[in-house]
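Below are the chains, spelled out letter by letter.
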Amino acid sequence: MRLNNPASISGSFPDKHRRILPTRVVVAGSSNRDKSNGSLLMATDESTATLKEMRDGYAEVVDPKSGVSGGVQDVYGEDTATEDQPVTPWSVSVASGYSLLRDPHHNKGLAFSEKERNSHYLRGLLPPTVISQELQVKKMLHNIRQYQVPLQKYMAMMDLQERNQKLFYKLLIDNVEELLPIVYTPTVGEACQKYGSIYSRPQGVFISLKDKGKVLEVLRNWPEKNIQVIVVTDGERILGLGDLGCHGMGIPVGKLSLYTALGGIRPSACLPVTIDVGTNNEKLLDDEFYIGLRQKRAIGQEYAELLHEFMTAVKQNYGERILIQFEDFANHNAFDLLEKYGTTHLVFNDDIQGTASVVLAGLISAMKFLGGSLADQRFLFLGAGEAGTGIAELIALEISKQGLIVSSRLESLQHFKKPWAHEHEPVKELVDAVNAIKPTILIGTSGQGRTFTKEVVEAMASLNEKPIIFSLSNPTSQSECTAEEAYTWSQGRAIFASGSPFDPFEYGDNVFVPGQANNAYIFPGLGLGLIMSGAIRVHDDMLLAAAEALAGQVTQENFDKGLLYPPFKNIRKISAHIAAEVAAKAYELGLATRLPPPKDLVKYAESCMYSPAYRTYR
Ligand SMILES: O=C([O-])CC(=O)C(=O)O
Ligand SMILES: [Mg+2]
């Protein structure tokens, strides 16, 4: 449906846009239909709406009476408002007939009403029954539960996303606790490991070394034009699974479905990008199903040039306020990119800053319910990479206190680790470090599974009445310890949270529900706050604000079950609160460009959110 026959486009459109315009755009008349391809633009109040301009699949619709612009509308019809794109009551566009059923943005499957089937040339293309979206959700959930293997569930979800986007999001939003582990960690990790075999359709843009000099053109091949957020990876450190090269694409795709499901960003405004500079993963280079460049990773200038071209092209194509989330880059590049582009672009690194914010939120709520202050705690980190140092930095920002890397290693340390080096005898075993340093809080960001051994957890439990233990590495296989281990080895005293989800665990008379200290709590709301305020830079104070907003959503009841985080089932409400606090910070810091600020930021955030409910096609 997207690329229609350009031959019949009127000559007034610039050539470069022809290929993506519908062959005919109809503003007046209720049943106009271009017989040649079935494309149809309907104005619900046809007499007053005129189409002022078409460009790149967008139409600016103006009400001639008031002269008020309805804003730029996606003529393929998504119905969420942002300040740039308010929804007008009088402009909708849909394809019809068979192409409507094949268009994931508008397909409703069996939920098309009798009336819609009549007016959109669907008769005979669907079986007679008409069902509700609720029943479709029930059916899909039933089907997904039939699969025993998580990867099969993942593939069924991806398939649904390609077939019926609104149903995909409705299913995910209404069943977030059940389906998050499927579209996100841990299953997305396995999907990335097998991405070559399960790959069926492009879900984002691949930019490889072959595209050097043409990155802008490559971006313009993506059908959606009004992008608000990009998640980009180079695949070098996918979760705790290491270098997965081009197969890392599963991560931006997963993160962006969360942007929509948890943060309410329109799906068409989300662009997953994988930058392929090769891989050092020998297994993948030898894998006949590998989909990326078969070469060792480019480094140094060659790497920097491609990244720079990408960053420049993104801003050129999408403007100053495009949000770029760096995801799963290896340490050295992650810190360099953030430093290099933090002052010129709206960027943040999810693994450094998103993770830091979510962990800080958990610690703030732990302090609130246990008593005590962060300044009185001793932190021990296993893993001084992006997450570890990012967390330490944000905690330090909150309490002006330092982390714990021994300074005898200072010379050999990477620059981002140096601020956290402490005077201490080098220690070999983690358990010795625990006994020597006597931390109250142990945080694992090592990417190494099962490193919080029985001895380590027991040592934490002997030192603390309520040892706080965070096993943050993903997916589950890389978690420093399991929930069961943390609760059993501490005799049920640990305050435990993990990056990947664990089931509730029964210990003695209690059922402990482990919290999921995953940046998924933060980035969707953070992104929404940045976008809705038109922020032009990310500031550390916004991460603190996000952490406090998240901690503010935890109730005594949550904590009594062992939870440092509110349940994911309320995530849209949580995201709205985070977004509001982030936007408030952006306004306060003079970094917001959407003026004047809305009066009630929480309400405004909620009103901006994408709705997965079907719309009626007249
Ligand atoms: O993706 C996740 O679950 C959290 C994250 O950013 C990572 O582990 O790299
Ligand atoms: Mg990550």
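Structure's up top.
Every chain's residues receive numbers from 1 upward, in the order its sequence appears when written. Whichever chain is written first becomes A and whichever ligand is written first becomes 1, with later ones labelled in order. Where totals are concerned, whole chains, interfaces and linings use all residues; where local detail is concerned, this predicted model gives features only for residues with pLDDT of at least 70, and gives and counts side-chain atom pairs only at 80 or more. Neither water nor hydrogens contribute to the side-chain values; these are computed over all heavy atoms in the structure.

### A few points about the overall build of the chain
- Starting at the N terminus, helices and strands are each numbered in turn, a helix being any DSSP run of H or I of at least four residues and a strand any DSSP run of E of at least two. For the chain, the helix and strand inventory stands at 24 helices and 19 strands.
- Exposure classes here rest on a 1.4 Å probe applied to the protein chains alone. A residue is buried below 20% of its type maximum, exposed above 50%, and partly exposed in between. Looking at the chain as a whole, 61% of its 618 residues qualify as buried.
- Residue contacts are defined here by distance: any two heavy atoms, one from each residue, within 4.5 Å place the two residues in contact. In the chain, once contacts between residues fewer than 6 apart in sequence are set aside, the share between residues at least 24 apart is 68%.
- Taken as a whole, the chain presents about 24700 Å² of accessible surface, with 51% of it coming from carbon and sulfur. Here the Shrake-Rupley method, with its probe set to 1.4 Å, supplies the accessible areas, and only the displayed protein chains count as covering residues.

### Some remarks on the packing of helix H21 (residues 540–551) against helix H23 (residues 571–588)
- Between N-to-C directions, angles span 0 to 180 degrees; the directions come from axes that are lines fitted to C-alpha atoms, helices contributing only their stretch in contact. As a packed pair, H21 and H23 sit with axes 8 Å apart at the nearest point and diverge in direction by 150°. It follows from the interaxial angle that H21 and H23 lie roughly antiparallel. Note that H21 runs across H23; the crossing there is right-handed. On H23, the residues that touch Asp541, Met542, Ala545, Ala546, Ala549 and Leu550 of H21 are Ile574, His577, Ile578, Glu581, Val582, Lys585 and Ala586. With respect to orientation, any angle under 35 degrees is reported as roughly parallel, any angle over 145 as roughly antiparallel, any angle of 65 to 115 as roughly perpendicular, and every other angle as oblique. Crossing handedness is read from the near helix: turned anticlockwise from the far helix by less than a right angle, it gives a left-handed crossing, and turned clockwise, a right-handed one.

### Let's talk about the sheet that holds strand S10 (residues 346–349)
- The five strands lie next to each other as S6-S8-S7-S9-S10, forming an open sheet whose pairing is parallel. At either end of the open sheet lies a strand with only one pairing partner, and these are strand S6 (205–208) and S10. Looking at each pair of strands side by side, their axes are set apart by 25° on average, direction ignored.
- In this scheme, strands are said to pair when DSSP sees at least two bridges between them. Two strands pair when backbone bridges link them, and strand S7 (residues 229–233) and strand S8 (residues 270–276) are joined in this way by five bridges, in the parallel orientation. Looking at the pairing, Val232 lines up with Val273 of S8.
- In this fold helix H11 (residues 250–263) packs onto S7, S8, strand S9 (323–326) and S10, with an angle of close to 165° to the strand it touches most, S8.
- Along the sheet, helix H15 (residues 350–370) makes contact with S9 and S10, crossing S10 at roughly 75°.

### Some details on the nonpolar core
- Side-chain atoms within 4.5 Å are what join buried Ala, Val, Leu, Ile, Met, Phe, Trp, Tyr and Cys residues into a set we call a nonpolar core. Counting 120 residues, the largest nonpolar core has Tyr259, Leu363, Ile443, Phe470 and Tyr565 as its most contacted members.
- Excluding its chain neighbours within four sequence positions, the residues that come into contact with Ile443 are Val359, Leu363, Phe379, Leu380, Phe381, Leu382, Ile391, Phe452, Phe470 and Leu472.
- Core analysis: the next-biggest nonpolar cluster, separate from the first, contains 36 residues, Leu219, Val277, Met311 and Val314 among them.

### Concerning the pairing of strand S15 (residues 468–471)
- Residues Ile468 and Phe470 point to one face of S15 and Ile469 and Ser471 to the other, with burial holding for every one of them.
- With four bridges joining them, strand S14 (residues 441–444) and S15 adopt parallel strand pairing. Bridging from a neighbouring strand, Gly444 pairs with Ser471 of S15.
- Seen with its strands pointing away from the viewer, a crossover is right-handed when the path leading from the first strand over the helix to the second is clockwise. One crossover worth recording links S14 to the parallel S15 by way of helix H18 (residues 454–463), and it is right-handed.

### Regarding helix H14 (residues 331–341)
- Those residues of H14 not exposed but buried are Asn333, Ala334, Phe335, Leu337, Leu338 and Tyr341.
- Buried-residue contacts for H14 involve helix H13 (300–318), S9, S10, H15 and helix H16 (386–399).

### Some remarks on the site of ligand 1
- In these notes, residues near a molecule or strand are those with any non-hydrogen atom within 4 Å of it. The environment of ligand 1 is made up of Tyr184, Thr185, Arg237, Leu239, Lys255, Glu327, Asp328, Asp350, Asp351, Asn474, Asn518 and Asn519.
- One nitrogen or oxygen atom from the side chain of Tyr184 is found 3.4 Å from an oxygen atom belonging to ligand 1.
- In protein, a polar contact requires one atom able to donate a hydrogen and another able to accept it; more generally it is a pair of N or O atoms within 3.5 Å, and residues adjacent in sequence count only if both atoms are side-chain atoms. A distance of 2.9 Å is found between an oxygen atom of ligand 1 and a side-chain nitrogen or oxygen belonging to Asp351.
- Look at ligand 1: alone it shows 260 Å² of surface, and the protein chains cover 93% of it.
- Residues are grouped as follows: Ala, Val, Leu, Ile, Met, Phe, Trp, Tyr, Cys and Pro are nonpolar; Asp, Glu, Lys and Arg are charged; all remaining types, including Gly, are polar. In the shell around ligand 1, the residues fall into two nonpolar, four polar and six charged.

### A word on the environment of Leu550
- Within the secondary structure layout, Leu550 lies in helix H21.
- In this structure the C-alpha to C-alpha distance between Leu550 and Gly362, which are 188 residues apart in sequence, comes to 8.4 Å.
- Contact partners of Leu550, with chain neighbours within four places excluded, come to Val358, Ala361, Tyr521, Ile522, Tyr565, Pro566, Ile574 and Ile578.

### Observations regarding the sheet that holds S14
- In spatial order, the strands read S11-S14-S15-S16-S19; together these five strands make up an open sheet with parallel pairing. A single partner strand is all that each edge strand has here, and the edge strands are strand S11 (379–382) and strand S19 (515–516).
- Most of the contacts of H15 go to S15, to which it runs at about 160°, and overall it touches S11, S14, S15 and strand S16 (495–498).

### Re the coordination of the magnesium ion (ligand 2)
- Here the coordinating atoms are restricted to nitrogen, oxygen and sulfur within 2.8 Å of the metal centre, or 3.2 Å for Na, K and Ca, and because water is not among them the sites may look incomplete. Those protein atoms acting as donors to the magnesium ion (ligand 2) are Glu327 (OE), Asp328 (OD) and Asp351 (OD), and they sit at 2.0 to 2.1 Å.
- When the donor residues of the magnesium ion (ligand 2) are listed from N- to C-terminus, their spacing reads E-D-x22-D. Within this pair, whereas Asp328 is found in the loop between S9 and H14, its partner Asp351 is found in helix H15, the two being separated by 23 residues in sequence. No difference in accessibility class separates Asp328 from Asp351, as the two residues are buried.

### Description of the pattern of salt bridges
- Definition used for salt bridges: Asp or Glu carboxyl oxygen within 4 Å of a side-chain nitrogen of Lys or Arg. Applying the stated criterion across every chain, the model contains 23 salt bridges.
- A salt bridge links Asp159 to Arg201; the shortest N-O distance between them is 3.2 Å. On the criterion of sequence distance, the pair formed by Asp159 in helix H5 (residues 150–163) and Arg201 in the loop between helix H9 (195–198) and S6 is long-range, its members being 42 residues apart.
- Residue classification places Asp159 among the partly exposed positions, given a relative accessible area of 37%.
- Residue Arg201 is classed as partly exposed on the basis of its relative accessible area of 36%.
- In this structure, Arg237 engages Asp328 in a salt bridge whose closest nitrogen and oxygen atoms are separated by 2.9 Å. Here Arg237, found in the loop between S7 and H11, pairs with Asp328, found in the loop between S9 and H14; they are 91 residues apart in sequence, far enough to count as distant.
- The exposure class of Arg237 is partly exposed, given its relative accessible area of 23%.
- When salt bridges that share partners are traced, they join Asp159, Glu162, Arg163 and Arg201 into one network.

### Section: unusual backbone geometry
- A cis amide bond links Thr185 to the next residue, Pro186, at an omega of 10°.
- Along the chain, Pro186 turns up in the loop between helix H7 (176–183) and helix H8 (187–193).
- Going from Leu595 to Pro596, the amide bond is cis rather than trans, its omega being -5°.
- Mapped onto the secondary structure, Pro596 falls in the loop between H23 and helix H24 (601–608).
- Even without glycine at this site, Tyr121 takes up a positive phi of about 60°.
- Although it is not a glycine, Lys438 sits at a positive phi angle of roughly 55°.
- Inspection of the secondary structure assignment puts Lys438 in the loop between helix H17 (430–437) and S14.

### Comments concerning the packing of aromatic side chains
- Pairs were defined over the aromatic rings of Phe, Tyr and Trp, the Trp ring being its six-membered one, requiring ring centres within 6.5 Å. Orientation was assigned from the angle between planes: stacked under 30 degrees, edge-to-face over 60, tilted for the rest. Within the structure shown, the criterion is met by 14 aromatic pairs.
- For the pair Phe168 and Tyr169, a centre-to-centre distance of 4.8 Å together with 80° between the ring planes defines the contact as edge-to-face.
- For the ring pair Phe326 and Phe329, a centre distance of 5.6 Å and an interplane angle of 90° mean the geometry is edge-to-face.
- Counting every residue linked through ring pairs, the aromatic cluster contains Tyr487, Phe496, Phe502, Phe505, Tyr507 and Phe512.
- The ring of Tyr617 carries Lys108 above its face, with NZ or CZ at 4.9 Å from the centroid. For a ring to carry a charge above it, either NZ of a lysine or CZ of an arginine must fall within 6 Å of the ring centroid while also lying within 35 degrees of the normal to the ring plane.

Just distances and angles here, no functional claims.
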